[in-house]
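Residue-level listing of the chains:
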Amino acid sequence: MKTARIIYNPTAGKESFQDKLPAVLKRFEEAGYITSTHATTGPNDATYAARFACEQGFDLIVASGGDGTINEVINGLAEYDKRPELGIIPMGTVNDFTRALKISNDIDEAVSIILNGRTGKVDLGSMNGKYFMNIAGGGKITEVSYEAPSKLKAVIGSLAYYVKGIELIPQMRSINLRIEYDDELFEGEVMIFLLGLTNSIGGFERLVPNAKLNDGYFTLLILEHVNLAEFGHILSLATRGEHLKHPKVHYYKARDVKITSFDEVQLNLDGEFGGVLPAHFKNLKEFLKIRVPDEFYNELYSEDNDYKLLNQENE
Ligand SMILES: Nc1ncnc2c1ncn2[C@@H]1O[C@H](COP(=O)(O)OP(=O)(O)OP(=O)(O)O)[C@@H](O)[C@H]1O
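Residues numbered from 1 in each chain as written. Predicted model: local features only at pLDDT ≥ 70, side-chain atom pairs only at ≥ 80, totals over all residues.

Undergrad: Any chance you could explain the overall build of the protein here in plain terms?
TA: Within the protein, the secondary structure is distributed over 11 helices and 15 strands. Taken over 315 residues, the protein has a buried fraction of 43%. Expressed as a percentage of contacts within the protein between residues at least 6 apart in sequence, the contacts between residues at least 24 apart total 76%. (Helix = DSSP H or I, 4+ residues; strand = E, 2+ residues; numbered from the N terminus. Buried ≥ 20, exposed ≤ 12 C-beta atoms within 10 Å, placed from the backbone. Contact = placed C-beta atoms within 7 Å.)

Undergrad: Please clarify how helix H9 (residues 228-239) should be interpreted in this entry.
TA: Within an α-helix, residues lying three or four positions from one another point in the same direction, as the helix has 3.6 residues per turn. With 12 residues, H9 should reach 16 Å at 1.5 Å per residue; the first-to-last C-alpha distance of 17 Å fits that figure. One or two steps after H9, the chain reaches Gly241, where phi turns positive at roughly 75°. (Expected span 1.5 Å × (residues − 1).)

Undergrad: Is there a simple way to explain the packing of helix H1 (residues 17-30) against helix H5 (residues 107-116) in this structure?
TA: When two helices pack together, their arrangement is given by the angle between the helix axes and by the axis-to-axis distance. For the pair H1 and H5, the least separation of the axes is 11 Å and the interaxial angle reads 25°. Classed by the angle they form, the pair H1 and H5 counts as roughly parallel. Our pair here, H1 against H5, has a crossing hand that is right-handed. For the pair H1 and H5, the contacting residues are Lys20, Val24 and Arg27 in the first and Ile107, Val111 and Leu115 in the second. Looking at side-chain class alone, the contact of H1 with H5 contains 4 nonpolar, no polar and 2 charged residues. (Axes fitted to C-alpha atoms, helices over the stretch in contact; angles between N-to-C directions. Parallel < 35°, antiparallel > 145°, perpendicular 65-115°, else oblique. Left-handed = near helix turned anticlockwise from the far one by under 90°. Nonpolar A, V, L, I, M, F, W, Y, C, P; charged D, E, K, R; others polar.)

Undergrad: Is there a simple way to think about the site of the ligand in this case?
TA: By nearness alone, 22 residues border the ligand, and Gly65, Gly66, Gly68, Thr69 and Gly92 come closest of all. Of all the elements in the fold, those that place two or more residues in the shell around the ligand are helix H3 (67-77) and helix H7 (150-156). No other element matches H3, which puts 4 residues into the shell around the ligand. Residue classes in the shell around the ligand are distributed as 5 nonpolar, 13 polar and 4 charged. (Near = placed C-beta within 6 Å.)

Undergrad: In this structure, what is going on with unusual backbone geometry? I would like to understand it.
TA: Glycine aside, the phi torsion of most residues is negative, and most peptide linkages are trans. Cis geometry is adopted by the peptide bond preceding Pro278, which originates at Leu277 and carries an omega value of 10°. Tracing the sequence through the fold places Pro278 in the loop between strand E14 (272-276) and strand E15 (279-292). In this structure, Asp182 takes a positive phi of about 50° despite not being glycine. Look at Asp182 and you get partly exposed, because 13 C-beta atoms sit within 10 Å. Positive phi, normally seen in glycine, also occurs at Asp270, with a value near 50°. As for its position among the elements, Asp270 is in the loop between strand E13 (266-269) and E14. On the basis of neighbour counts, which here come to 26 C-beta atoms within 10 Å, the residue Asp270 falls in the buried class.

Undergrad: Any chance you could explain the UniProt feature "domain: DAGKc" (unreviewed entry) in the protein here in plain terms?
TA: Per the UniProt entry, the sites bearing "domain: DAGKc" (unreviewed entry) are residues 1-131 in this numbering. Counting secondary structure, residues 1-131 comes out at 39% helix and 29% strand; the distance between its end C-alpha atoms is 31 Å. (UniProt positions renumbered as here; feature names shortened; annotations may be inferred.)

Undergrad: In this structure, what is going on with the packing of helix H2 (residues 45-55) against H3? I would like to understand it.
TA: Two elements in contact, H2 and H3, have axes separated by 7 Å at closest approach and are oriented at 40°. Looking at the two axes, H2 sits oblique to H3. Of the two elements, H2 crosses H3, and the hand of that crossing is right-handed. Each of Ala46, Thr47, Tyr48, Ala49, Ala50, Arg51 and Cys54 in H2 lies in contact with H3, whose residues at this interface are Thr69, Glu72, Val73, Asn75, Gly76 and Leu77. A class-by-class count of the residues in the contact of H2 with H3 yields 7 nonpolar, 4 polar and 2 charged.

Undergrad: Sorry if this is basic, but what is going on with the environment of Lys26 here?
TA: Residue position: Lys26 is located in helix H1. Under the C-beta neighbour-count criterion, Lys26 is labelled exposed, with 11 such atoms within 10 Å. For the pair Lys26 and Asp182, spaced 156 residues apart in the sequence, the C-alpha separation amounts to 48 Å.

Undergrad: What exactly am I supposed to notice about H2 here?
TA: Considered for burial, the residues of H2 that qualify are Ala46, Thr47, Ala49, Ala50 and Ala53. Around the axis of H2, the buried residues are gathered within 165° of arc, so they sit on the same side. In the core, the buried residues of H2 are packed alongside strand E1 (2-8), strand E2 (33-39), strand E3 (60-65) and H3. The first or second residue beyond H2 is Gly57, which carries a positive phi of 75°. (Arc of directions from axis to C-beta.)

Undergrad: I keep staring at the nonpolar core and nothing clicks. Help me out?
TA: In a soluble, globular protein the nonpolar side chains are often hidden away together inside. In terms of nonpolar packing, the biggest core is built from 78 residues, with Ile7, Ile61, Val73, Ile74 and Phe193 touching the most fellow members. Mapping this core onto the domain boundaries places at least three of its residues in each of domain 1 (2-116) and domain 2 (131-284 + 304-313). (Core = buried A, V, L, I, M, F, W, Y, C linked by C-beta atoms within 7 Å. Domains from an automatic or database assignment.)

Undergrad: How should the environment of Glu295 be read in this particular structure?
TA: Within the secondary structure, Glu295 sits in helix H10 (residues 294-300). Using a count of 12 C-beta atoms within 10 Å as the deciding quantity, one classes Glu295 as exposed. As for Glu295 and Ile103, which are separated by 192 residues in sequence, their C-alpha atoms are 9.7 Å apart.

Shown next as C-alpha cells:
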C-alpha cells in the first residue's frame, strides 16, 4: 500500500479546499493510497508538517495551497535524504510555480495529474540554508510582494504586486553589489537582481524566456542603475519578453552565485522576505521529484533548441 499525506492551507486562495476534501480523499483511496491530512494553522506549519511526513516515511506529500504553502512544504522536505514525491493541488491566488509546471488550477484535474501523471525531477534553489523553487531576488523593488496587503492580494491576485510595485518605483534606489557567478564576476550599481528557476514569476511569464527546470542553472538577471523613465520602459519590455535586449539588463546562466554588498540589501525568496545579504545561492539540480502532467514531462526531457540558441548568443 502506498501512503500519502495531504498538507493543505485552509486559508489559501478564494475557493475552499476543505469542502472538496472528502471527494479528493475518495479518489486517493480508489487509487490505492492510505491517506491522511494536515490542515496548516499558520506560518511555517507546512514546513513542520512536511518534516513529520518525511520522518513517518510517507511515499507522497500532496501540498495544497498557494506558492507560500508549496515553498514551506519544500523547505520541510529538502533536509531529508529520503524525500517523498511531491504532488500539488494549486489553491493560491498567484500559483506561479504550478503554472510553470503546467499543473491545472482545477482540483479534479490536479488530482488526476498526481494519480495518473508522471514524476519529473526539477531543480531547487538553496540560499543560506533556505530553499526556493521559483525565484530569489534582491534590491528595493523586491520588498513589493511582502508589502502587498494580503487581503488586497486575495481579491485582485497578482495585480496587487504591480499596484504596490508602481507606487514604490519612485522610492527605489540602486545598490552597490559584488556578484560572483560560477567563475565570473560582476560589480556595479544595481537596481535589482533576480535568480530565476522557472519562467513564471509574479505573473511576468516572459521574464526568464528560456528557463529549463532541470538543467541545474539559474537564470541570473541584473538590472543596472536606471532612472524612473528607463525603469518603466524596461518593465514594459519585460511584459513582451524583450528586456534582455536593453543594454542595462544583464543575463547569465549560473549554478553557483555569491552576492555581497556594503549596503543592507533585503532578499526575497518565492515572494516572501528571505533575509539580507550576503547570500550564497546554489542550484540543486533535479532535487525535487514532482508529479507533473505528460505535457510538462515531455518538455522537461526534450531537446530544446530555442534554449540552446539563446544560451549561445549570450556566451
Ligand atoms: N491556518 C492558517 N491561517 C493563516 N495563515 C496560514 C494558515 N496556514 C498557513 N498560513 C500561511 O499563509 C501563507 C500564504 O498561503 P498560500 O501561499 O498557501 O496562499 P495564498 O497567499 O492565498 O496564495 P499565493 O501565495 O499564491 O498568493 C503561508 O505562507 C502560510 O504561512
